[in-house]
Amino acid sequence: MDYKNIIYTLENGIAKIEINRPKAFNALNTETNNEIEDVVDAITDDPEVRVLIITGNEKVFVAGADVTELADADPRGAYDNCSLAHRIFKKLEALHAPVIAAICGPTLGGGLEMALSCDFRISGESGLFGLPEITLGIIPGAGGTQRLTKLIGASRAKELVMLGNRIDAQTAKEYGLVNLLVKDEEVMAEAMKMADRLCKKPAVALKFAKECVNFGANMDLDTGLEFEKSRFSLAFNTADQKEGMKAFIEKRKPEFINK
Ligand code: HXC
C-alpha cells in the first residue's frame, strides 16, 4: 500500500509512523485511519518490530478526527467512524511491542484518543491536550471518555470531556497524562532513547508486562491477578528468564535473545 498521509519507517527494530497531513493539522480522515491500520496490521507480531513510535510534526501531533469529513455524517456513518477508530486504537493498544507517542503541539479529540492508546506519551512544551468534541455538539468517540478517565480519574477527565478544557503540557504532566515533558526539539531524541531502552528488554516478558497492565486496568483485582499469574508462569518458559536469573547470580549483565 502506498501511503499518502503517513510516513512509515522501520530501522533497528524501531518502527515509526509519522502522521503527515500538515494542511489539515494532521486531522485523521478515513484514508489516514486506513493507512495507520494497514501499518499496524503489517507489524503485529512481527518480532523484528520491538517498538513503535507515533508522531506528528514539530507544529502538531493530531488535531482530531477530520471535522470536514464528519460534519455530514448520519448516526450510522458516525457509528461506523467510531467503530473504525475503536478497532485501530485497540489494535495499537494490543500491539506486541510498546508504543510511544512523541508529541508536539495540539493533540486534540481523536489525536488525544490515539495517544491514549499508546503505552507512553512524551510531550514537548508546546503539547496541548483536549477533547473539544463537546464544543462541536458531540462527545469523544474514539475511547476518550473511557481511556482518559482510567488514566487521570473521572474528576479531571470531566474537565476535558464536559468543559472542553484544553490543558498545556505541564498540566498534562501533573495529571499523569504525559510521562515525560521535554523541550520540543528534544521530543524525538527522548522517544528514541526510550525506544532503545525498551529494545534492550526481553521481548516476551515485555509483551506480558504490557498485557497484564492493560488487562488489569479493565478487570476486577482477582481476575487481573489470575491473568498476571498466567503470564508470570509463562515467562518461565523463555530462554530469557533462564538467562536473566543466571546473569544475576553470576553478577553480570544478561544477554537476552528475545525468546
Ligand atoms: C479538519 C482541521 C482540523 C480538524 C484543524 N483543521 N483541525 N481540519 N479537521 N480536526 C484545519 C483548519 O480547518 C485549517 O484549515 C487548518 O487545519 C489550520 O487550522 P486553524 O484553526 O486555522 O489553525 P490554528 O488557529 O493554529 O488552530 C489549530 C487548532 C484548531 C488548535 C488545531 O484548528 C482546532 O482547535 N482544531 C479543531 C480540533 C477539534 O475540534 N478536534 C476534534 C475533532 S472531533 P484551512 O484550510 O482553513 O487552513 C474528533 C472526534 C474523534 O476528533 C472521534 C472519532 C470517532
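Bear in mind that the values here come from a model prediction, so they are computed numbers and not experimental data.

Asks: What's the story with the sheet that holds strand 5 (residues 106-108) in this structure? I'm lost.
Replies: Adjacent strands of a sheet pair through backbone hydrogen bonds, lying either parallel or antiparallel. In spatial order, the strands read 5-7-8; together these 3 strands make up an open sheet with mixed pairing. Of all strands in the sheet, those with a lone pairing partner are strand 5 and strand 8 (166-168), marking the two edges. Geometrically, the sheet is characterised by an average inter-axis angle of 20 degrees between neighbouring strands, direction not taken into account. One ladder, built from 3 bridges, connects strand 7 (residues 128-130) with strand 8; its direction is antiparallel. Following the sheet pairing, Gly130 is matched in strand 8 by Arg166.

Asks: For this particular structure, what's the right way to read a nonpolar patch on the surface?
Replies: A grouping of Val67, Leu136 and Ile138 is seen on the molecular surface, where their side chains present a nonpolar patch of about 260 Å² in accessible area. Tracing the chain through its elements places Leu136 in the loop between strand 7 and helix 5 (144-152).

Asks: Looking at this structure, I do not really get the layout of surface pockets. What am I missing?
Replies: It is the rolling of a water-molecule-sized probe over the atoms that shows where space remains empty. By volume, the largest pocket is sized at about 780 Å³. What lines the largest pocket is a set of 30 residues, and nearest its centre among them are Glu93, Asp119, Lys210, Val213 and Asn214. Secondary structure elements with two or more residues in the lining of the largest pocket: helix 3 (75-94), strand 6 (120-124), helix 5 and helix 9 (203-217). Counting residues per element, the lining of the largest pocket draws most heavily on helix 9, which supplies 9 residues.

The rules we used
Residues numbered from 1 in each chain as written. Predicted model: local features only at pLDDT ≥ 70, side-chain atom pairs only at ≥ 80, totals over all residues. Heavy atoms only, no water. Pairing = 2+ DSSP bridges. Helix = DSSP H or I, 4+ residues; strand = E, 2+ residues; numbered from the N terminus. Axes fitted to C-alpha atoms, helices over the stretch in contact; angles between N-to-C directions. Patch = residues over 30% accessible without salt bridge, like charges linked within 9 Å, V, L, I, M, F, W, Y side chains within 5 Å. Areas by Shrake-Rupley, 256 points an atom, 1.4 Å probe, with all protein chains shown as cover. Salt bridge = Lys/Arg side-chain N within 4 Å of Asp/Glu carboxyl O. 1 Å grid on protein atoms, 1.4 Å probe; cavity = no way out; pocket = protein on both sides within 12 Å on 5 of 7 lines; lining within 4 Å. Points joined across faces, edges and corners; volume = space filled by probe spheres on them.

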